[in-house]
Structures are given as structure tokens and as C-alpha cells.
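Examining the three-dimensional arrangement
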Amino acid sequence: MKKTLKFQLFGNPKIYLADQQIFFSFSKINALLYYLAVNQSISRDEIAGLLWPNKSEQSARKNLRNTIYQANKVLGDDYVVSPNKSVLQLNEDLPVQSDVEEFLSEPTEHLIKYQGEFLKGFFLKDSENFDQWTTRMRSIYEQKFVQNCYHKVSDDIANSRLDDVERNIQRLISIDEYDERNYQLLMRFYQDSHRNGKVIEAYYELVSTLKEELGIEPSDETRKIYEKTLEIVNRRKNYEENIESFKFFGRTQEIETLEANFDGFFHDHNFQSIIIQGDAGIGKTALSELVLNNMRKKHLLLNFTCFHSERFFTLRPWREILQKIEIVIKDNEIVTSNNFEKTCEKFFPYFTDDSLRNFDDKLTDDDINYLSQIILEALKIIEQDNKLIINIDNLQWMDELSLRLLTSLMLHDRDTLFLLTLRSNYQTHIDEFINTVSHYGRLNIIDLKPFDRASMTAFMQKQIPDNDLDFATLTELYNESEGSPFFLMEYVRQIKLGLRPDYMTPKIQKELKFILQDLEPGEEEILEMVSYFPEEAPLKIISTLLNRTESSIAKDISTIKNHQLISEHMIEGEIQLSFFHNKFREFIYSQQAPSKLRVIHEKIAVLLEQKLRSVDDESTLLSQIAYHYKYANQELKSLDYELSHLQISLKFQHELFPIYTEYNKESVELESIEWHDELTKFKQIGDRLKAIEYQYEGNQTYELLLMKYLYFEGRYYINYGNYNQGIENIQRVIVKAKELHHDDFLIRGYRQMIYYYIQTDNATDMVHYIDLAMNISIRSNDHQSIGILLRLKGLYYLMVGNLTEAEHLLVESVTIFTISDEVKEKYSSNIAAAYDYLAEIERLRENYDEAINYEKKAICLCEQTGLKTSLVIFYVDMGISLYAKEDYEGSKQYLCKAKGLYDNLTSPWKRTQLNAYLALNELHDGDYDAVLRFLLSFNEYYTHLSNPRDMGIVYFIQAIVKKMINDQKISDPSLRELLNQDEAFYLEKAKENLSQYRDRFELQYLNGIYGEMNSIYHH
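Residues numbered from 1 in each chain as written. Predicted model: local features only at pLDDT ≥ 70, side-chain atom pairs only at ≥ 80, totals over all residues. Heavy atoms only, no water.

An unreviewed UniProt entry lists the protein chain under the name Bacterial transcriptional activator domain-containing protein.

Okay, structure coming up:
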């Protein structure tokens, strides 16, 4: 294959041969090739004069010949040729590409090819003419680029193709940074796309460039664009300020409590001071402000706020109170002015004075009592003419001496109402205050809780009445906010601005960081480790990761719990930790370094692996290991565990007769699995495998994972009747298993083909795959596989009517699986399946009691082990055997049991027979409405039936009903209208589709009713 010669002439010039950069020993070889690439064909004299202008004609020609020789030698072929003595050109028989040629062919479409000025940085010594040519071509190409770039930018903006617009304008600016038109174009683009900050940034960049380099200001036109943007920004700022105002919502019960309390306060009845407590952002301050602002009674309100940064400043909150009541104290001479000044100096020194840094250690109980008496006297005087309310926000930041002073005031001043707000997760250090004041009946606590789902929906509707949020969006908002008004208001603000909610805004991050700032390093480490778990974090694993004993971290966990950041609970005898609010987990996790994330997730995955086989719920553990390996960036391991998890989830749904101990016994319980949920899981794993295909192509581990995935997906599709896709997957599994010499999956693939041919009643192709699988099983001495295949081979003989050989093989299969109690338990469903087929053989022989005994054995085995996916089949077949024996009540009882199990199953096996025999029982009981429902449902799904026996059993029912209608045994008009063909049609269809070997009872039944109808139905 001929190698392609590529020229990159825009920007720093490069030459590639077969995608490898080529270097020449002297630059005039490059110059020759560059000139040829642009001009295609040139004269020898022309290029010799350009490259060696100072040489004689003979010397220049000699140099040219040598240059051509050296070029072709390095390139390994005659890329430079001379069709005649005077002309040079690039060889047309060899592949040559050039970015210049591509750019010139369609400049607007190939702007990307222009990566900078032509032959940037390239020059020749003593070759002025070549340099002049280079300069001229640079100008030509640059003008061509600028012209077409302007055209493309305009066209893209007009047609809303905005992906390349900004980049192309920036390229224009890089070519001529003094051309204001380029900046104007960029600023208008930013303006139109509502990126006003970028407009201002571009303007100041232009101002700096023009002023520093040229000493001039931007033009009036540029200035107008900038000033228009400032107007937009100011209007938006005002709009956002309006958006920031929210309508108060809910809390009606709390408002009623507050209003009733204030009513008692104003009318000199019983009242209490109040603490409004709750999580950060729950609406404590908003609630207190709402009630205070709505008061119409005359009152005096003293407000002060405790700040986190001042939580260690002794008595700092009371400085503000004393300043407000100073006039009252002095005017009423509660203390002399001199004593008051001394009191203030003593209790409120300058904190910058190092000598007074620990002055609170010198304060005594008498000092606090003295200050309390001063304030109490002042408050009493104020209360003579005013109803006094003292509102203290963020009580959790109040220092201990201030709390003692507040306790004294609230206990002794029975005329002032104190309204306090308190963050729940900082309550422990003020418990004594709350308990003391509450004990004397002076305090009522209002505990604010997050909104529930219904309240959250109503809140959003009130805030954004014109925005009809759909159910999915509301669900997402509730899950993300967990009902917190603070988070919800952030999301409302974004929605009002027409933005999709960012669930971790800078404002939310700032608030979360503020809440977490008081944690000690050990406490922070615990929270960091817990954040790696999407749900519960086992305490044992946390202690292992931190290399600390569980007892050593108990104190830190207690502190964190008191902050209401995490909860602690027992699951299956093991202590688990989880966050109260998921936003804390998200925030803390987002602060971890990428390298640390990988290391910790891998450690967790390894620790969880050690728990495998020692837990009851192995499926959940596999999913958790897959999660942690995924975020440890070990995708192959993650996918392996994900597939194992999916295998357990689907095993007892999609495997008719599963091997019992392949998976934990807990997994046999039925779950209602939705088609779309399963399909989504497969698609996600498939997408992940596809995404890493290029990285692991040819890797044996990857190929094994892909094979497993194709196998599970193939089984899934076959189970749901999508045979084309399912069989395609299984055939790919068979091919890969052969390539990888993986006999286990090769046999699994063959088995799926066997099950497919069972479902489609194709005995010929079925036995072909049985023989292929049997050969491998015998070669590998796999007795269990041989046992399964003997059962399937027995089924084959049953399908073709050789009952004796079928019975022999089925008994042999049972013998293999009953060799020991351990094997018997493991393969109990396969033994039961053999009994079921033996029961069918006896039913075909009309030995109904023997058939029922075999079915009882099958049912007993599966009921003992809980293998309900298999049990449902045996219930159906027992119902059929009992019906054949004319035990209609017993038949109906087992069929109804089967129907109850099918409600939680996805498998289609025996569903048609179940419904048909239920209909037959209803027909026997005279419930024609039930028969009608069955026939109508058949009309809806009959096109999906692939097994002719399923079609036959439906026509079997139709033939019976049609005969009864014609014999006037049924007069139901709906059934008559539905079955509008003649008797012969349904009878022939039934005989055509029913198996002459396996459906003898049904065929004999039809022969009987068409000859002796009255002997069967007596109504």
C-alpha cells in the first residue's frame, strides 16, 4: 500500500509520511516541497532561481538535482518527478494531501485547516525571492481566511449554529488585535447569547490593548455596545433582586401558636417566651420576622443577632442591649453614671487589649448577678409604658456567660417576651439553659420540620404560579432539597431566571461549608469516609479506613450526631452510619481530591469483597462493590461485579430451572421486575462496555465480560419473545466462547439455543445443540451438565413421541442428581423438571394417578427450596393433569396458585396453557364472561406467540366454544360475535398447531366433544 504524503503548511510547517513526521537534512528540501505543494507544477529554472539566486545557472541546476534526489530518498519513493526536462511536479500516482489545497477547495467549510499564517517561522538564507513569495502567499491566504471566516460567523449566527462562532471570532482577533470590528462582533455575540460578563471582559481587553499599544480609546460604536450591556446588567440586577423576594408559605400551625401566644402577651394573659428551632435553612428567621412584621399592637422591639465569629466573645450580645437601654438606666438613675461607665468598662473591655483577653475568668457570679439586676431594673421601667419583645437570632452562637445572664432575665422578668431562634444541630451546649427555663414554664419550643412532598409541591406552585412543573421535575426537586426551604428557594431563583436548577450552587456550598466549619479534624475524617458511601457506611469499614478502633471514634461520632449531620442505626447486627441530609454527603464528597477518591474507593471495594459468601444479601453487596470499583476507575472490575449482580437479580426470573446454590438462597424470593427497568440496566452496562472498547480491545478480561453481557442480554430478549435479537446475542456468545476456549459459556450458549427451540417447539434444531453440548460435557467429565442434558434429551424424545426412550433418559437424569444430598439440593429444580416430564408421559398414557404423583414430587421439591419460577410450571401441569382426571375443583385450585405466582414473574412459559385451562374450567362452570376475557386477551397478543402449541391451545378453546354456540349450549352474543369463523376453521387450526405427540389429550378431547357434546356439559 502506497504511503500518503501530507503537507501542513498553515502554522509551523510540517511534512508527514504515513502519519509520521519527516525531517530533512537541509531546509531547501522543505522549501522545494512546500513550493511544489502550493503550485502543483513548476519549471526547473523558476525554482532554481528562487532557491539559489546568487548561484550560476549550472550550479543552481546541480543543487536542484541533488535536492530532488535527497527528497525522494528520504521519502522512499519518487514523490518529486519531472514529466519533461523543464518541469517539476509531485507524482500524481502517489497519494499527496495538503491543508492549503483542502482550505482553498471550500474555504468556508475548511476554516479549521487554517491553523495560523502560511509557513510560520520558516525562512531561507540568501533566498530573498522565496521569502517574498512566502510573504505574498501569507497575505493572500490570510485575506481569504478573514473573508470566509466573517461569512461563516454571520451565517452561523443567522442559522443558530453557535458552536464555532466564538472560536472563529477569537481567531479573527488573533490575526488583527487592533481591528475593533472583530471585538464588536464578539461583544454583540456575547450580548445576544446573554453572556454580559463576557461582553465587559472583551471590552476591557480591547481598552487595554488600544491604550497600551496605540494610546487611543475604543470607538463610539464599541462604547455603545458596552453601555447597552451595562443597562442590561442593571435591569437584570433589579430583576434578580425582585426574584430574591419569596412569598412565605405554610407553617400555619406554627403561626397559630405564635399568634395565640402574642395575643396572651398583649392582653396580659398567660404567655411564654418562644424558641423556634430547626435545621439550617428551615425558615426560623423568616417565620419570626413574618410574625413580628405583622404585629399591629404597640410594642417595643429589641433585636440582636449572635454571630458565629463572636461565639467566644464574652457577653458580646449584651453590649448592643445595654447601648439601647443606656438612656433609660442613666435617666432613671438605676446606677450612677460613674458606676455605669465602670460597669461597661468591666464587662465590655476592648478585645484588642491582650491583658484582657481572658478577662471572663475574673468575672464572678456576683458580677453576673449585678449586671442582671441593672438590666432587669431597666427593663421594668421600659415595661411601664411598653410591651417589650426581645428578639435574639442564632442563639446557638451565644457564649456561656451570656446564656447565664439570659437565663436569669427570663426567670425573673415575667413581662418581657423573648423570641429566640436556634439551629438544631448546635443545641447541646445550651441544653442547660433550655431545661432550666422550660422547667419553670417560661419557654415554649416550636420545632420546624422540612416540607413533606405535598407541601413542597404547594410551595413551588406558590413561588412560581406561571411555571407548571411536571411530576418528574417536582420529584427531582424534592429528592434534591429533602424538603428544605433554603434549597428550594435557591432552585426557585434559578427557575425564575429560566435556568435548569443547579443542585449545588455556590450559595448552597457556602452555607454547607459554614455549617461544617466547627468540626474537629477527627470528626471531619469520619464524615469524609462516610461520604464515599451513597447510602449506609459500615462502622467497621470506617474504622479500618481511618486505622482507628471503633471505640476510639465513638466520641467523635457522638459529637457529629449531636450536630445532626449523621445518624447511626443497626442493620443485621452491624452499626451503619448515614448522613441526615444528602446534600452534606454530596458537598463533602465533592471536596475530595481525585487521587484520594480512587484510593479510598478501591480500599472500600476490597474490604467489601472480603465479606462475600458471609452475608445473606449477596446481590446488594455485589452492587456496592461494583459501585466502588467504578469510582476507583477500575471499570473492568466494576462491570464484572455489576454483571454478577444483574445475574443474581435475573437468575430466578429468567432461568426456568435454576441451579439452586449457584446464588444465595435469599435471592430466590420473587420480585416484580419491570421490562423497562431491566432494559435500562442492560443498556447502561452495554454503554459502559462500548465506551471502553477502544481501550481494552483484545483484552481477555474485557472479552469475557462482553461475552457474559451478551449472554445475559440474549437470555433476557429470548425470555421476552424478542427472538431475533436474543439469538443474535447467543450466537455471538458461542463464537466468542469458542475463540476464548471457554467451555462453560459455550455450554451455556448451547443451552440457551436449546431453550429457544423448546419455546418454538423445534425438536430437530434442539437436538443438534443438545448433542453439541453433550460432547463438551462428556469431554470435560461434567456430570451435572450431563444430567441436565439427559433431561433435555429426554424432553426431545417426548416431543417426537418416543415415550419409552424419553422415560429412560429422564430417570437416568434423576439418578445423576440424587447421587448425594448436596447434589440433590443443588439441582432440586432440575430433578423436579424431570418428574414433571415423567408426569406428562404418564398423562399421555392416561395414567392420571401416576402423573399426579410425579407432579406432587416436583411441587414438593420446589416448595421446600422456594424455587417459585419452577414451581409455577408444575402448578400449571398439575392443574392440567387434574383436569384430565376430571377433578375440576382441584385443577382450578392449582391453576389459581400458578396465576398468583405469575403476577410477579416475567417469564412467558406456560402462560398460554394456564390461561387456556383456566378458561376451560370457567367454561365448565358456565362463566362465559371469563372465557370472553381470555379470548379477547388472546386477540391482543397472539401475534407474539412463536410456539405453535400455544396457538393450538387457544384454537382448542375456540373450537370448543364455537361448537357449544352452534349446538346452542351457549347463547352469549359477545362470544358469538367474536368467533365469527365456522367450526371447521377453529377445529382445523387446533389440529394443525397442537402436537400430535404431546397434546393427545386435547386432540382426543376435541374428537370427543365434536361427537358427544351432551355427555360432557350438562347445564
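**Focus: the overall build of the protein chain**
What counts is decided by this rule: A run of H or I in DSSP becomes a helix once it reaches four residues, and a run of E becomes a strand once it reaches two; helices and strands are each numbered from the N terminus. Only protein chains enter the area calculation, which uses a 1.4 Å probe; residues under 20% of their type maximum are buried, those over 50% are exposed, and those in between are partly exposed. Contacts were defined at the residue level, with two residues in contact if any of their heavy atoms lie within 4.5 Å. Computed with a 1.4 Å probe, the accessible areas rest on the Shrake-Rupley method; for each residue, only the protein chains presented here act as cover.
On a plain count of helices and strands, the protein chain comes out with 46 helices and 15 strands. Here the protein chain holds 1019 residues, and 50% of them are scored as buried. Pairs at least 24 apart in sequence give 66% of the contacts found in the protein chain among residues at least 6 apart. Within the structure as shown, the protein chain displays about 50,300 Å² of accessible surface, and the carbon and sulfur contribution to it stands at 46%.

**So, helix H18 (residues 471–481)**
Along an α-helix, residues three or four apart share an orientation, since each turn contains 3.6 residues. Definition in use: The arc refers to the directions leading from the helix axis to the C-beta atoms. Polar contact is defined as a pair of N or O atoms within 3.5 Å, subject to the rule that within protein one atom must be able to donate a hydrogen and the other to accept it, and that residues adjacent in sequence are counted only when both atoms are side-chain atoms.
If you check which residues of H18 are buried, you get Leu-474, Leu-477, Glu-480 and Ser-481. Relative to the axis of H18, the buried residues are bounded by an arc of 130° and lie together on one face. For H18, the exposed residues set more than 90 degrees away from the buried face come down to Phe-471, Ala-472 and Asn-479. Buried residues in H18 make contact with helix H17 (453–463), helix H19 (485–496) and helix H24 (582–590). Between the side-chain oxygen at the start of H18 and the backbone nitrogen of Ala-472 there is a gap of 3.3 Å, and the oxygen is on Asp-470. Backbone geometry just downstream of H18 places Glu-482 in the positive-phi region, at approximately 55°.

**A few points about a negative patch on the surface**
Convention followed: A residue counts toward a patch only above 30% relative accessible area and without a salt bridge, and it is joined to like-charged neighbours within 9 Å or, for Val, Leu, Ile, Met, Phe, Trp and Tyr, to nonpolar neighbours within 5 Å. Here a salt bridge means any side-chain nitrogen of Lys or Arg lying within 4 Å of a carboxyl oxygen belonging to Asp or Glu. The positive count covers Lys and Arg only, the negative count covers Asp and Glu only, and His and the chain ends enter neither. Every charge is mapped to an atom, namely NZ of Lys, CZ of Arg, CG of Asp or CD of Glu.
Taken together, the side chains of Asp-176, Glu-177, Glu-205, Glu-212 and Glu-213 define an acidic patch exposed on the protein surface. Note that Glu-177 resides in the loop between helix H6 (165–175) and helix H7 (180–192).

**Digging into the sheet that holds strand S3 (residues 20–21)**
What counts is decided by this rule: Note on pairing: DSSP must find at least two bridges between two strands before they are called paired. Every angle, taken between N-to-C directions, lies between 0 and 180 degrees, and every axis is a line fitted to C-alpha atoms, over only the stretch in contact when it is a helix.
Taking strand neighbours across the sheet as the criterion, the four strands line up as S3-S2-S1-S7 in an open arrangement whose pairing is mixed. Every other strand in the sheet has two partners, leaving S3 and strand S7 (96–98) as the edge strands with one partner each. In this structure, strand S2 (residues 14–17) lies alongside S3, joined through two bridges in antiparallel fashion. From the neighbouring strand, Leu-17 faces S3, where its bridge partner is Gln-20. Most of the contacts of helix H1 (residues 27–39) go to S2, to which it runs at about 85°, and overall it touches strand S1 (5–8) and S2.

**Structural notes on the side chain of His-645**
Following the sequence through the fold, His-645 ends up in helix H27 (residues 635–654). His-645 has contacts with Ser-619, Leu-622 and Ser-623, leaving out every residue within four places of it along the chain.

**Some remarks on helix H41 (residues 911–925)**
The line we're drawing: Given a helix with a known number of residues, its expected span is that number minus one, times 1.5 Å.
The end-to-end C-alpha distance of H41 is 21 Å, a good match for the 21 Å that 15 residues give at a rise of 1.5 Å each. Immediately beyond the C-terminal end of H41, within one or two residues, lies Gly-926, with a positive phi of roughly 85°.

**A look at the sheet that holds strand S10 (residues 388–393)**
Spatially, five strands are ordered S9-S10-S11-S8-S12 in an open sheet, and the strand pairing comes out parallel. Only two strands of the sheet have a single neighbouring strand rather than two, namely strand S9 (300–305) and strand S12 (443–447). On average, adjacent strands in this sheet sit at an angle of 15° to one another, irrespective of strand direction. Note: strand S8 (residues 273–278) against strand S11 (residues 417–423), five bridges, orientation parallel. The residue of S11 that forms the bridge with Gly-278 is Arg-423. Strand contacts of helix H11 (residues 284–293): S8, S9, S10 and S11, with the helix running at about 160° to S11, the strand carrying the most contacts.

**Some details on the pattern of salt bridges**
With the rule as written, the count across this model stands at 41 salt bridges. Arg-423 is the partner of Glu-511 in a salt bridge, and the nearest nitrogen-oxygen pair spans 3.7 Å. Residue Glu-511 is located in helix H20 (residues 506–516), and its partner Arg-423 is located in strand S11; the two are separated by 88 residues in the primary sequence. Taking the shortest distance from any N to any O, the salt bridge between Asp-556 and Arg-548 comes out at 3.0 Å. Judged by relative accessible area, which is 23%, Arg-548 ranks as partly exposed. Beyond isolated ion pairs, a larger network of salt bridges with shared partners links Lys-152, Asp-155, Asp-156 and Arg-161.

**Let's talk about the pairing of S8**
Among the six residues in S8, six count as buried, and that is most of the element. Covered by surrounding structure in S8 are Ser-273, Ile-275 and Gln-277 together with Ile-274, Ile-276 and Gly-278, the residues of both alternating faces. Bridge count between S8 and S12: five bridges; the pairing is parallel. Within S12, the residue paired with Ile-276 across the bridge is Ile-446.

**Quick word on a nonpolar patch on the surface**
A contiguous nonpolar surface patch, about 260 Å² in accessible area, is contributed by Tyr-178, Leu-214 and Ile-216. By secondary structure assignment, the location of Ile-216 is in the loop between helix H8 (196–213) and helix H9 (220–243).

**Here's the deal with the environment of Leu-185**
Mapped onto the elements, Leu-185 comes out in helix H7. Put simply, Leu-185 and Val-153 are 32 residues apart on the chain and 9.2 Å apart in space, counted from C-alpha to C-alpha. Beyond its immediate stretch of four places on either side in the chain, Leu-185 contacts Tyr-150, Val-153 and Ile-169.

**Let's talk about the environment of His-742**
Mapped onto the elements, His-742 comes out in the loop between helix H31 (723–739) and helix H32 (743–759). Classification of His-742 as partly exposed rests on a relative accessible area of 24%. His-742 has contacts with Leu-704, Met-707 and Ala-737, leaving out every residue within four places of it along the chain.

**Observations concerning the packing of aromatic side chains**
So the rule is basically this: A pair of Phe, Tyr and Trp rings is counted when the ring centres sit within 6.5 Å of each other, with Trp represented by its six-membered ring. The angle between the planes then sorts it: under 30 degrees is stacked, over 60 is edge-to-face, the rest tilted. To sit over a ring, a charge needs its Lys NZ or Arg CZ within 6 Å of the ring centre and within 35 degrees of the ring normal.
The tally for this structure, following the rule as stated, stands at 42 aromatic pairs. Taking the centre distance of 5.5 Å and the plane angle of 90° together, the rings of Tyr-711 and Phe-745 count as edge-to-face. Residue Tyr-711 is located in helix H30 (residues 700–719), and its partner Phe-745 is located in helix H32; the two are separated by 34 residues in the primary sequence. The class of Phe-745 is buried, set by a relative accessible area of 5%. Taken together, the ring pairs connect Phe-10, Tyr-34, Tyr-35, Phe-103, Tyr-114, Phe-118, Phe-122, Phe-130, Trp-133, Tyr-141 and Phe-145 into an aromatic cluster. One cation-aromatic arrangement involves Arg-585 over Tyr-589; the distance from NZ or CZ to the ring centre is 5.9 Å. Seen from the ring of Tyr-835, Lys-857 lies directly overhead, with NZ or CZ sitting 5.4 Å from the centre.

**Focus: the confidence of the model for the protein chain**
Stated formally: Each residue carries a pLDDT value, the predictor's own confidence for that position, ranging from 0 to 100.
Averaged over the protein chain, the pLDDT score is 83; the fraction of residues at 70 or greater is 88%. Below a pLDDT of 50 lies the segment residues 660–675, which in the model reaches 44 contacts outside its immediate sequence neighbourhood of four places, other chains included. Considering only residues more than four positions removed or in separate chains, one finds that residues 1013–1019, a stretch of pLDDT under 50, has 19 contacts.

**Observations regarding the packing of helix H15 (residues 400–412) against helix H16 (residues 431–439)**
For any two helices packed against each other, the geometry is given by the interaxial angle and the distance between the axes. In plain terms, the rule: Any angle that is under 35 degrees is reported as roughly parallel, and any over 145 degrees as roughly antiparallel; angles of 65 to 115 degrees are reported as roughly perpendicular and all others as oblique. Polarity classes work like this: nonpolar for Ala, Val, Leu, Ile, Met, Phe, Trp, Tyr, Cys and Pro, charged for Asp, Glu, Lys and Arg, and polar for all others, with Gly in that last group.
For the pair H15 and H16, interaxial distance at closest approach is 10 Å and the crossing angle is 5°. Classified by the angle between their axes, H15 and H16 sit roughly parallel to one another. Within the contact between the two elements, H15 uses Leu-403, Leu-406, Thr-407, Met-410 and Leu-411 and H16 uses Phe-433, Thr-436 and Val-437. Here the contact of H15 with H16 is built from residues that sort into six nonpolar, two polar and no charged.

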